[in-house]
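Observations on chain architecture
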Amino acid sequence: MFIHAVLFEVEPKEVVKYRRDSLMWARYAKKARGFVAYRTMKRSGYKNQYASVYEWKSEADHTRFMKKFHDRLVTKSCARVKVLGYYNLKAIDQS
């Protein structure tokens, strides 16, 4: 399992657009090979911070999706957001 998470700062007036953009990205991801799940999350204890979290079967599946769709989806996205960090996580234990 491979998880890709992006942490954003989103001003309150942009949250609706951010959530709409996130669902657009998720619709594209759902059609991609190796896609498992998507979540939009609000960071607990922090003001105006949200995360878009994607779960993939493998890093290769994620990489293939990003090469094909990233630039196109960035141009289609409407919300003004600030990226605070990218996190790539590989599972080593699971129960």
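Residues numbered from 1 in each chain as written. Predicted model: local features only at pLDDT ≥ 70, side-chain atom pairs only at ≥ 80, totals over all residues. Heavy atoms only, no water.

1. A few points about the pairing of strand 3 (residues 49-56)
Of all 8 residues in strand 3, 7 are buried, a share of seventy percent or more. Pairing of strand 1 (residues 2-9) with strand 3, which is carried by 8 bridges, proceeds in the antiparallel orientation. Counted as the bridge partner of E9 is Q49 from strand 3. As judged from the 7 bridges shared by strand 2 (residues 35-42) and strand 3, these two strands associate in the antiparallel manner. Along strand 3, the bridge assignment pairs T40 with S52. If you look at the hairpin formed by strand 2 and strand 3, you'll find 6 residues sitting between the two strands, and G45 has a positive phi there, around 85°. (Buried < 20%, exposed > 50% of the residue type's maximum accessible area, 1.4 Å probe, protein only. Helix = DSSP H or I, 4+ residues; strand = E, 2+ residues; numbered from the N terminus. Pairing = 2+ DSSP bridges.)

2. A word on the packing of aromatic side chains
For any pair of aromatic rings, the description consists of the separation of the ring centres together with the inter-plane angle of the planes. For the coordinates displayed, the defined rule picks out 7 aromatic pairs. Aromatic side chains F35 and W56 sit 5.4 Å apart centroid to centroid with 75° between the ring planes, which places their arrangement in the edge-to-face category. Linking F35 in strand 2 with W56 in strand 3, this pair joins segments that are 21 residues apart in sequence. Of the two residues, F35 and W56, both sit in the buried class. In this structure an aromatic cluster arises from ring pairing among Y28, F35, W56, F65 and F69. K42 extends its terminal NZ or CZ atom over the ring of Y50, reaching a point 5.0 Å from the ring centre. Positioned over the ring face of Y46 is R43, at 3.6 Å from the centre of the ring. (Phe/Tyr/Trp six-rings, centres within 6.5 Å; stacked < 30°, edge-to-face > 60°. Lys NZ or Arg CZ within 6 Å of the ring centre and 35° of its normal.)

3. Looking at unusual backbone geometry
Most peptide bonds are trans, and most residues other than glycine sit at a negative phi. For N48, which is not glycine, the phi torsion reads 65° and is therefore positive. Within the secondary structure layout, N48 lies in the loop between strand 2 and strand 3. We classify N48 as buried; its relative accessible area is 15%.

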